[in-house]
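# Observations on the model geometry
For reference, the chains in residue letters:
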Amino acid sequence: MNRYLFLSLFIFFSFSAVSQEVTKIILDSANNWSYDKAINPSVQRLLGHVVMSHDSARMYCDSAYLNNETNSVTSYGNVRIKLSDTLNLFGDSLHYDGNTKIARIKGNVRLLDNETLLTTDSMVYDRNTRIASYDYWGKIVNGKNILISKYGYYYTDIKQFYFKEKVILINPEYTIHSDTMMHNTVTDITYFYGPSTIVGKEDSIYCENGWYDSKDHQARFRKKGRIYHLDQMITGDSIYYERKTGFGQVFKNGYLIDTVKNIILTGNYGEIRRSKGYAFMTDSAVARLVDKKDTLNIHADTIYSTFDTANNIKDIRCFYKVKFYRKDLQGMCDSLSYHGSDSLMVMYHEPVIWSDSNQLTADSISLFFKNGQADTMVMHNSAFIISKDDTNKFNQVKGRNMIAFFVNDQLYKIKVLGNAETIYYVREEDRTMIGINKAVSSNMLIYMGKNQVQTITYIEKPSAVIWPENQVSVHDLKLRGFKWLGEKRPMRLQDIFKR
């Protein structure tokens, strides 16, 4: 594809060049001149400080053969072509065709254009298109930049280089490797058209299409762009990045990956501001807390992350319409924060958590993780646990506050602190109904097993009665504040995007 690009550019410049009448190469001066009609009636032999002109170009060499019939010259020794006040070509030998205005230079070839120096073993320069090309390794030195490539083209009028195959750009602050690349020596902007990497002291970049501005240290990548900074990686369909400030934007399918904290932020738009220590994702934003066992996927309208001094993700804040999913744990709320230092997740505004057959709600919920698994949950104010059994009956526990403990991500103990109430369906092992246990107490201690209540200990002023089912009205089968939200539970990962 890139060869077609170069071919198109050559055709463009060829047809856009202004056609001129053919002019003859003129000998301006030489120390010695000889001519032998018997050997070749059209060739003049020139020796010593040879100077020739063709249009606006002047040619210098130690010796030359000037052919008037073909309007061409072959020169040797200290060859120089002065093409303009700033552009000069040097080499050991030259063949120049005055009809086509094409110069072929070999041996220690140098192209000098202001502060740009191109060196190679062989070069072709077309005065019509003003394009210099080489096909076997060239080196360009421009200011602080050193560029090396196997094939290259230099458009002298716009000061632009095109490189192909094994391209290397070396700068004191970074090194670029590319398959196909374009570099403008005036703007100092580099364009990439194939697999390319930029490696700096603290970051490295990969892309297959994009540009990098060396003066302002700005870049945009459009194909497979990836930015690596210390232990973080950013990628997306399109990326804008400022290396000096650490500011970046990602558009569509954006990812921010922290390999130390095992956290991934995704979204269709995101920003990172390293100098201010934060990043955010929005538009289908998801925070993925990766663990060896499973990954907790948290979705919200907007997800912010803050960084610690090592530039790793420290905290995560999720705003508005939060839903999360893991195989053994699901939930929803209006906003959520995750603190990496103590593995604490806090849910605000109508939070609900589902664990197996249990639904847990409160005014706010704090969930502590240990080794990636749920460990302890604190339910603040209006705490309520509902579990639906296999007969579609609802076991309920209510209290002012609760502390729930997990083992292997399953509830095994619950402390109910203040105004404790329960409705519990007591059954035989064969699931035959014994009765409905309705109890109140100041505090309770509940032990769970296989997602079912095993024992309940009533602490302080207990009152418990087991009622036959036919003696309890439908209205008394639900504690005050009962609200079953099972229809909103995300049963698979895709459900976290459902409102």
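All values derive from a computational prediction rather than experimental measurement. (Residues numbered from 1 in each chain as written. Predicted model: local features only at pLDDT ≥ 70, side-chain atom pairs only at ≥ 80, totals over all residues. Heavy atoms only, no water.)

### Looking at the overall build of the protein
To be explicit about the condition: Runs of H or I in DSSP of at least four residues are treated as helices and runs of E of at least two as strands, each being numbered from the N terminus. Within these notes, the globule rule equals 2.2 Å times the number of residues to the 0.38 power, and the radius of gyration is based on C-alpha atoms. In this scheme, a residue with accessible area under 20% of its type's maximum is buried, one over 50% is exposed, and one in between is partly exposed, where area comes from a 1.4 Å probe on protein chains only. Between two residues, a contact is recorded if the distance between any of their heavy atoms is within 4.5 Å.
For the protein, the count of helices and strands is one helix and 40 strands. Its C-alpha radius of gyration of 39 Å places the protein more than 25% over the 23 Å reference for a compact globule of 499 residues. Considered along the principal axes of its C-alpha atoms, the protein spans approximately 135 × 35 × 30 Å. A total of 499 residues make up the protein; the buried ones form 50% of that total. Sequence separation of at least 24 residues holds for 38% of the intrachain contacts in the protein that already meet a minimum separation of 6.

### Considerations on the packing of aromatic side chains
As a reminder of what qualifies: Stacked, edge-to-face and tilted labels apply to pairs of Phe, Tyr and Trp rings (six-membered ring for Trp) whose centres lie within 6.5 Å, assigned for plane angles under 30 degrees, over 60, and everything in between, in that order. In this scheme, Lys NZ or Arg CZ marks a charge over a ring once it lies within 6 Å of the ring centre and within 35 degrees of the ring normal.
Across all of its chains, the model carries 16 aromatic pairs by this definition. Geometrically, the ring pair formed by Phe384 and Phe482 is edge-to-face, given 6.4 Å between the ring centres and 75 degrees between the ring planes. In this pair, Phe384 is assigned in strand 34 (residues 383-388) and Phe482 in the segment after strand 40 (463-467), connecting sequence segments 98 residues apart. You'll find Phe384 and Phe482 in the same group, each marked buried. Every member of this aromatic cluster is reached through a ring pair, and the members are Phe251, Tyr269, Tyr278, Phe280, Tyr304, Phe319 and Tyr320. Its end group placed over the ring of Phe90, Arg110 keeps NZ or CZ at 4.5 Å from the ring centre. Above the plane of the ring of Phe405 lies Lys413, whose end atom (NZ or CZ) is 4.8 Å from the centre.

### A few points about the confidence of the model for the protein
Heads up, the rule is: Confidence scores labelled pLDDT are given residue by residue by the predictor and lie between 0 and 100.
Within the protein, residue pLDDT values average 89, and 95% of them lie at 70 or more. Confidence drops under pLDDT 50 across residues 3-19; counting only partners more than four residues distant or on other chains, this segment forms 21 contacts.

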